[in-house]
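Chain residues, written in single-letter form:
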Amino acid sequence: MTQKTEDTLSWVQQRGGGALADKMGIEFLEFSLERAVARMPVFGNTQPAMLLHGGAFVVLGESLGSMSANLHAGPGKLAVGIEINATHTRSATSGWVTGICTPIHLGRTLTTHSIEIEDDQGRRCSTIRITNLITDRPGIA
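As a starting point, this report considers the structure included with it. (Residues numbered from 1 in each chain as written. Predicted model: local features only at pLDDT ≥ 70, side-chain atom pairs only at ≥ 80, totals over all residues. Heavy atoms only, no water.)

## Brief notes about the side chain of Asn45
Tracing the backbone shows Asn45 in the loop between β2 (36-41) and α3 (54-73). Residue classification places Asn45 among the buried residues on the basis of a relative accessible area of 7%. Separated by 2.9 Å, the side chain of Asn45 and the backbone oxygen of Met24 make a polar contact. Residues in contact with Asn45, not counting those within four places in the same chain, are Met24, Met40, Leu51, Leu52, His53 and Ala56. (Helix = DSSP H or I, 4+ residues; strand = E, 2+ residues; numbered from the N terminus. Buried < 20%, exposed > 50% of the residue type's maximum accessible area, 1.4 Å probe, protein only. Polar contact = N/O pair within 3.5 Å; in protein donor to acceptor, adjacent residues only side chain to side chain. Contact = heavy atoms within 4.5 Å.)

Below, the structure is given as structure tokens:
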């Protein structure tokens, strides 16, 4: 059964991205099984040289990939990250960065997503890949 993008975006907005995503200022813009998009401000997420912190790129990527995996997993299931890697190819110093998450593999027990993060000028800043393990949600038999 295919869900409407509006329904899945509503799902992620109601569920929330978690306390860390909130602190980082992450905003979910689009959300479906085929594609998820979120953005994050550079301001407030920089390292001492005023460049977006590499870990901030990873937080945006993991937020998108894990939320996408949980949508795929469905009710009574939990997707948890088991591997993530990132290649940073450009820094960002102002504005917003936007992550676009697409599935590579959507299986019964594993998912893998690719997240491309761009700056406001559409230049690739980071490429992230995350694999999630799907398991039963604790407390659900």
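We are not done yet, so read on.
## Considerations on the environment of Arg15
By the element assignment, Arg15 lies in helix α1 (residues 5-15). Sequence separation between Arg15 and Met67 is 52 residues; the distance between their C-alpha atoms is 9.6 Å. Arg15 has contacts with Met67, Asn70 and Arg137, leaving out every residue within four places of it along the chain.

## Here we look at the environment of Leu133
Checked against the element boundaries, Leu133 lands in strand β6 (residues 124-136). Taking the C-alpha atoms as reference, Leu133 lies 15 Å from Ser63; in sequence the two are 70 residues apart. Setting aside anything within four residues of it in sequence, one finds Leu133 in contact with Leu78, Ala79, Val80, Ile82, Thr109 and Leu110.

## Thoughts on the sheet that holds β2
Taken in spatial order, the six strands make up an open sheet running β1-β2-β4-β5-β6-β3, and their pairing is antiparallel. At either margin of the open sheet sits one strand with a lone partner, and together these are β1 (27-31) and β3 (77-88). Across the sheet, the axes of successive neighbouring strands diverge by a mean angle of 25 degrees, strand direction being ignored. Pairing of β2 with strand β4 (residues 96-106), which is carried by six bridges, proceeds in the antiparallel orientation. Bridge pairing links Ala38 to Gly99 in β4. (Pairing = 2+ DSSP bridges. Axes fitted to C-alpha atoms, helices over the stretch in contact; angles between N-to-C directions.)

## Some remarks on the nonpolar core
Counting residues in each nonpolar core, the largest one holds 27 residues, and the members touching the most others are Ile26, Phe28 and Val97. Counting only elements with at least two residues in this core, the list comes to α1, α2 (19-24), β1, β2, α3, β4, β5 (110-118) and β6. Counting residues per element, this core draws most heavily on α3, which supplies seven residues. (Core = buried A, V, L, I, M, F, W, Y, C linked by side-chain atoms within 4.5 Å.)

## Considering the packing of aromatic side chains
Under the defined criterion, the tally for this structure stands at one aromatic pair. Taken together, a centroid distance of 6.1 Å and an interplanar angle of 80 degrees make the contact between Phe28 and Phe31 edge-to-face. The burial state of Phe28 is the same as that of Phe31; both residues are buried. Its end group placed over the ring of Trp96, Arg39 keeps NZ or CZ at 3.6 Å from the ring centre. (Phe/Tyr/Trp six-rings, centres within 6.5 Å; stacked < 30°, edge-to-face > 60°. Lys NZ or Arg CZ within 6 Å of the ring centre and 35° of its normal.)

## Considerations on the pattern of salt bridges
If you walk through the whole model with that rule in mind, you get six salt bridges. As a salt-bridge pair, Arg123 and Asp119 come within 2.8 Å of each other at their nearest N and O atoms. (Salt bridge = Lys/Arg side-chain N within 4 Å of Asp/Glu carboxyl O.)

## Digging into the pairing of β4
Regular strands show a simple pattern: their side chains alternate between the two faces of the sheet. Where β4 and β5 come together, eight bridges link them in antiparallel fashion. The residue of β5 that forms the bridge with His105 is Thr112. Between β4 and the antiparallel strand that follows it, β5, lie three residues.

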